[in-house]
Amino acid sequence: MSQLKKIQQAVPNRAKRNLRKNQSPLLASVTLDTSNTMLVQEDIFNEPSREWLDFTGAKWVRFFTQKDDFLKSLIAIVNNSPTLRRIIEDKTNMVVGDGFIPMKGKSNTLLTTSMKGEVITDDSLNEIEEIIGSVNLHSQNLQEVMAALAFDYDAFGNCFAEICRGKVGNQPFTYIYHVPVYNIGIRKAGADQIIRSVGVYDNWEEVPLTTDGSYYANEGFKEVPIYPEFKDFEDGTQRSIIHVKQYAAGYFYFGLPEWIGAKMWAEIEYRIQRFNTSKFENGFMPSGVMQFFGTMTSAEAKSLVDGISDKFTGMGNNHKLFVQVLRDEKLKANWIPTSKENEGEFLNLQNLAASAIVVANRWSKSLAGFATSGQLGTNQQIRQEMEYLQNTVIKPRQNLLLSKIINPFLQEIGVYNQAFRHVTFGVSNTLPVSFMGDIKVEDNLSTNEKREILGYSPINEESENQMTSLEIQNLINAYGIGVRSGAITAQKSDEEFFRNISGFPETSKEVNDV
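Procedures and definitions
Residues numbered from 1 in each chain as written. Predicted model: local features only at pLDDT ≥ 70, side-chain atom pairs only at ≥ 80, totals over all residues. Heavy atoms only, no water. Pairing = 2+ DSSP bridges. Helix = DSSP H or I, 4+ residues; strand = E, 2+ residues; numbered from the N terminus. Salt bridge = Lys/Arg side-chain N within 4 Å of Asp/Glu carboxyl O. Buried < 20%, exposed > 50% of the residue type's maximum accessible area, 1.4 Å probe, protein only.

A. Looking closely at the sheet that holds strand β1 (residues 60-61). Ordered by their spatial adjacency, four strands build an open sheet running β1-β6-β7-β8, and the pairing between neighbours is antiparallel. Both outer strands of the open sheet, β1 and β8 (222-225), are each paired with one neighbouring strand and no more. With two bridges joining them, β1 and strand β6 (residues 184-187) adopt antiparallel strand pairing. What sits directly across from Val61, in β6, is Ile186.

Structure below.
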């Protein structure tokens, strides 16, 4: 029976579809191939189609193959592109912020109203802080878990959190874990297009996707329902998974990171580094052909080539002297260089790659560590850029993670702990660049306040009010008084002035003389 007839029998309501023989077995909800796009085949990454899942009997969907080749490529790029890594780390730090703000009532994450939640300041604050200080058996605090989730969301377009609840004796507990994307396989959705569970395992490459995975249960495989459903496990716990993904047109099971449009640029940034490293290992000299004349066996020739390579390439081997002592001039080595001018190679391409990565991440070049020509990068400029990114990029992510993961976790604790009843968390945001740099110290701090900042003891008020010699002279000159030979000669009468300055120890004697 032909493959087409098998698929028609397995999926009768799709029997009239034209399945081309050269069609890839991995197809997205919206089929992409070289015939209907301008993309080349290696740049097309698709989810398994319904037809393929039905035909093969696959029960699990990976990201996007069983070996997670696409996810592995994202991991490699994130870890080796300096610009992309910097931006993702900055986003993660800003999403986590300075800490959580516990609120009683409304969290203000989804609804925008004039009603504000009440910030918790009573005795329950200590209990809340103690519990969120260790939220799982890895001794992670809630901020660490949120940071890992925020990183995965920006790096891979998906993040998974597992909520585990149970009892130790009569004491209930609720834990939350960050689950790496690589450990996830999503259960095939039914006809209603609702995803009800995911599989969690650290070695998916050995699990046939057509099985339910129960054979590997003793090795740690588990199928966990999607929150708010929970499933009982043999260890006495109940578990549920929360999946947050970035929407991508044509994809159903997994999301895509927002920087996916700059994937090739991030690869180029790494390749430029690798190219220049290779050139350094060879002394930045142009490659060429070295010829040796003589009679030798294959083993002797290989030994000679390996010896030359070890001694004249690699770290510390540049600009070495190569000497030959020969009996016959005809046996001398011949070097034919392939000369090429390499100064400044790929500099423009590297700048283009960095710019594309910044744009794809909706970030700012100055905040990504690049100087902008014609701009000094003042505190005001940085604050304006930070505020823009805070409102357009960071706050939406904070609201998403708080409403989807963090606050549901708090609600589970609130079932048995009164301190968490009706409690929601917000995130405290502080701009890295404050207004302090714009404030003039002389106009806002007294002498003693400045001395305190510098670590010196304060001076008494009488000493603080003493004027310097220059200040005294400027004050006297302002009133038309000249200082000649140490004496003061008044050019105009101003008793009030003399009364004022006579209080200063530095001028009292001269004023009395006048």
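B. Here's a closer look at the pattern of salt bridges. As enumerated under the stated definition, the model contains 18 salt bridges in all. The partner of Asp154 in a salt bridge is Lys91, and the shortest N-O contact between them spans 3.5 Å. Note that Asp154 is positioned in helix α6 (residues 142-156) and Lys91 in helix α4 (residues 82-96), a separation of 63 residues in sequence. Look at Asp154 and you get buried, because its relative accessible area is 1%. Among the ionic pairs, Asp192 bridges to Arg196, the shortest N-O distance being 2.6 Å. Looking at Asp192, the relative accessible area reads 38%, which means it is partly exposed. Overall, Arg196 belongs to the partly exposed group, its relative accessible area being 47%. Each of the salt bridges in this network shares a partner with another, and the network as a whole consists of Lys91, Asp154, Glu258, Arg362 and Arg397.

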